[in-house]
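Read off the chains here:
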Amino acid sequence: MPLLFKKIKDLRNYLKSIRCDKKEIGFVPTMGYLHEGHRALIRMARNQNDVVVVSIFVNPTQFGEGEDYDRYPRDLERDLAICEEEGVDVVFAPEVSEIYPRGYRTKVCVGELGKRLEGEFRPGHFDGVATVVVKLFNIVQPHRAYFGEKDYQQLKIIEQVVEDLNIPVEIVPVPIVREKDGLACSSRNVYLSPEERESALSLYKSFLLAEKMIKAGERDAERIKEAIKTFIQKHPHVKGIDYVEITDENLNPKKTVEKGDRILLAVRVGNTRLIDNWKVEI
Ligand code: PAF
C-alpha cells in the first residue's frame, strides 16, 4: 500500500528525508477516480523517478457555479488500490480546509491563454487549476510532474506558469489514452448512459473524419471545423458544441492546417461536458 498523507506538514516531513537521500520525486496531480489515463501518467512517473507521489484532490476553485463539483466522482479506497497496483509510493489526499484554510485569497492568474477555448466557457477555471497546481508543487517540490495531453490547454498553461514563475520542475506531457472504442479516458465518462456514450464516440470519429479529409488534401481549417461540427451534431444525445478549434501546438488559431497542429473540441452530451483533442499527423 502507498503511504497516505492528509496533512501538508506530515507529507513535507516525509519528502524532506527523500530529498536528503538524493532521490528524485515524480509527481502526478489528480482529482481522483483514477482511470487508464492516470495509470499511464503514473507508469511514466514510475519509470523516470525514484519516488512517485500522487495527489488526489477535487479542487473546488477550478469549478464554476453550476458545474459538477458536488457530483464529481470520489472513491479514495478504489484510488488507493489502483495506486498500489501501479507501485505508487505516496498518496496525498488532503481535505479542502487543508489546501484552502483561509479561502481563495491569493491566486495565480494565467492571463490570455486561460481565457480562450475552455476559458471562454469556464471563466476562472484555469486560475483555479494554476493556483492549486502551484500550491501542490510548493508542497511536494517534485523533480518532474506529469500531465495528460487529454487536457491539452491545461498542459500548455502549466508549462507557461512554470516558465513565468520560475518553478524548478520539469513538466512531462503524456499522450491521451483512449478506451478500445476511441473514447478518451476521463473520470467524467461515468456520467454517460450507454446511449449517451454511443453519441460521445462521435468526438473520436470526427477526428478520424478530419484526418481523412486532411489526407485527401484538405487544408482549410474552416472547412474541416464545419465538417466536424456537422458530423457531431447528427448524433442524438449531443446537446451542443461549445467549440471546435484548430490551432498550432501552442494553441494559436490556424487558417491552414499543417502537421503537428491540434484539433480541440468541447461537446455537451446529455448532461456531461466532454473535451478531447487530436494531433494532426499528415
Ligand atoms: O487535471 C486534473 O485532474 C486537475 O485539473 C489537476 C491538474 C489535478 C488540478 O486540480
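All of these numbers come straight from a predicted model, not from anything done at the bench.

Asks: What's the story with the packing of helix α8 (residues 194-215) against helix α9 (residues 221-233) in this structure? I'm lost.
Replies: Geometry of a packed helix pair, given as the angle between the helix axes and the separation of the axes. Axis separation between α8 and α9 bottoms out at 9 Å; the angle between their running directions is 145°. Note on packing geometry: the crossing formed by α8 with α9 is right-handed. Together, Ser202, Leu203, Lys205, Ser206, Leu209, Ala210, Met213 and Ile214 of α8 and Arg223, Ile224, Ala227, Ile228, Phe231 and Ile232 of α9 make up the contact between the two elements. Its residues assigned to classes, the contact of α8 with α9 comprises 10 nonpolar, two polar and two charged.

Asks: In this structure, what is going on with the packing of aromatic side chains? I would like to understand it.
Replies: Between two aromatic rings, the relevant description is the distance of the centres plus the angle of the planes. Taken as a whole, this structure holds 10 aromatic pairs when the rule is applied. Between Phe207 and Trp278, the aromatic rings sit 5.6 Å apart at their centres with planes inclined by 15°, giving stacked as the arrangement. Taken together, the residues span a long stretch of sequence, with Phe207 in helix α8 and Trp278 in strand β9 (residues 272-279) at a distance of 71 residues. In this structure, Phe207 and Trp278 share a single accessibility class: buried. It is Arg74 that lies over the ring of Tyr69; its NZ or CZ is 4.9 Å from the centre. Above the face of the Tyr33 ring, Arg78 is positioned so that its terminal group lies 4.3 Å from the ring centre.

Asks: Looking at this model, I keep getting lost on unusual backbone geometry. Mind explaining?
Replies: Trans is the common state for peptide bonds, and a negative phi is the common state for residues other than glycine. Positioned with a positive phi, Tyr33 is a non-glycine residue whose angle comes to about 50°. Counting through the fold element by element, Tyr33 comes out in the loop between β2 (25-30) and α2 (36-48). We note that Leu251 has phi near 75°; this positive angle belongs to a residue other than glycine. By the element assignment, Leu251 lies in the loop between β7 (238-247) and β8 (262-269). Classification of Leu251 by relative accessible area gives buried; the value is 0%.

Criteria and cut-off values
Residues numbered from 1 in each chain as written. Predicted model: local features only at pLDDT ≥ 70, side-chain atom pairs only at ≥ 80, totals over all residues. Heavy atoms only, no water. Axes fitted to C-alpha atoms, helices over the stretch in contact; angles between N-to-C directions. Helix = DSSP H or I, 4+ residues; strand = E, 2+ residues; numbered from the N terminus. Left-handed = near helix turned anticlockwise from the far one by under 90°. Contact = heavy atoms within 4.5 Å. Nonpolar A, V, L, I, M, F, W, Y, C, P; charged D, E, K, R; others polar. Phe/Tyr/Trp six-rings, centres within 6.5 Å; stacked < 30°, edge-to-face > 60°. Buried < 20%, exposed > 50% of the residue type's maximum accessible area, 1.4 Å probe, protein only. Lys NZ or Arg CZ within 6 Å of the ring centre and 35° of its normal.

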